[in-house]
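# Descriptive structure summary
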Amino acid sequence: MNKHTKRGLISMMCWILFLAALYGSYSYRHRALLTGLLDKETGGVISFVFFIGWALIWFSIGKYYSYDYTTKKEEFHIQHPSLDAKIATKAFKYEYTSKIAKILSKLFFISVFAYTAINIHDDITQENCIYIGILMAMSVLTYWYYKVNSNATVI
């Protein structure tokens, strides 16, 4: 098994663990073990297909970003042949992760408005404020990381 497939599997397993933690906390809070997991119309077939579909999507995402990371790292080393391998790798990691942080910052920022539009109908609860605060904090933190590391002078 090559490293890209392994990274795809790791990405898929992280997604499954995230779903397990999310559903576990939901079922603990609402005191419902399997009732929220199984759809009533098909006896759980739609839920199972949805679960498998998203697991395969996350496998593909992990595998794609593994290829993308390796390819761009090689291109970076070709563009900067005079750099030491360790320094070039460190500079590339800062550049690559800062670009991903910028994308995540935009995603978290848009999620604040999406969460507000979808979940707040009449009055704002403390739970809504906590979720919105977390999304806003994640947006600010990822943007800060992008700003700090996009212009990092490792070279």
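The structure displayed is predicted, hence computed values, not measured ones.

## Points about the overall build of the protein
Broken down by element type, the protein carries four helices and zero strands. Moving toward the C terminus, one meets the helices and strands of the protein in the order α-α-α-α. Relative to the compact-globule value of 15 Å for 155 residues, the protein shows a C-alpha radius of gyration of 20 Å, a clear excess of over 25%. Viewed in the frame of its principal axes, the protein has a C-alpha envelope of about 60 × 40 × 20 Å. Counting every position in the protein, which comprises 155 residues, the buried fraction comes to 24%.

## Considering a nonpolar patch on the surface
Taken together, the side chains of Ile 130, Tyr 131, Ile 134, Met 138, Leu 141, Trp 144 and Val 148 define a hydrophobic patch exposed on the protein surface, amounting to about 680 Å² of accessible area. Along the chain, Met 138 falls in helix H4 (residues 126-150). For Met 138, a relative accessible area of 34% puts it in the partly exposed group.

## A few points about the pattern of salt bridges
Counted according to the given criterion, the structure contains two salt bridges. Residue Asp 68 pairs with Lys 72 through a salt bridge whose shortest N-O separation is 3.5 Å. One end of the pair is Asp 68 and the other is Lys 72, both in helix H2 (residues 45-79) and four residues apart, which spans about a single turn. Here Lys 72 falls in the partly exposed class, since its relative accessible area comes to 39%. In this structure, the salt-bridge partner of Lys 99 is Glu 95, at a minimum N-O distance of 3.4 Å. Linking Lys 99 with Glu 95, this pair stays in helix H3 (residues 85-119), spanning four residues, or about one helical turn. For Glu 95, a relative accessible area of 30% translates into the label partly exposed.

## A few points about the packing of aromatic side chains
Applying the stated rule across the entire model yields twelve aromatic pairs. Relative to Trp 58, the ring of Trp 15 lies with its centre 5.4 Å away and its plane at 15°, an arrangement referred to as stacked. Remark: Trp 58 occurs in helix H2 and Trp 15 occurs in helix H1 (residues 3-30); sequence separation between them is 43 residues. Geometrically, the ring pair formed by Phe 50 and Trp 54 is edge-to-face, given 6.3 Å between the ring centres and 65° between the ring planes. Note that Phe 50 and Trp 54 are positioned in helix H2 at a spacing of four residues, about one turn of the helix. Note on Phe 50: relative accessible area 56%, which makes it exposed. Among the residues examined, Trp 54 registers a relative accessible area of 34% and is labelled partly exposed. Counting every residue linked through ring pairs, the aromatic cluster contains Trp 15, Phe 18, Phe 50, Trp 54 and Trp 58.

## Description of the side chain of Thr 70
When you line up the elements, Thr 70 lands in helix H2. Judged by relative accessible area, which is 15%, Thr 70 ranks as buried.

Rules and cut-offs
- Residues numbered from 1 in each chain as written.
- Predicted model: local features only at pLDDT ≥ 70, side-chain atom pairs only at ≥ 80, totals over all residues.
- Heavy atoms only, no water.
- Helix = DSSP H or I, 4+ residues; strand = E, 2+ residues; numbered from the N terminus.
- Rg over C-alpha atoms; globule rule 2.2 N^0.38 Å.
- Buried < 20%, exposed > 50% of the residue type's maximum accessible area, 1.4 Å probe, protein only.
- Patch = residues over 30% accessible without salt bridge, like charges linked within 9 Å, V, L, I, M, F, W, Y side chains within 5 Å.
- Areas by Shrake-Rupley, 256 points an atom, 1.4 Å probe, with all protein chains shown as cover.
- Salt bridge = Lys/Arg side-chain N within 4 Å of Asp/Glu carboxyl O.
- Phe/Tyr/Trp six-rings, centres within 6.5 Å; stacked < 30°, edge-to-face > 60°.

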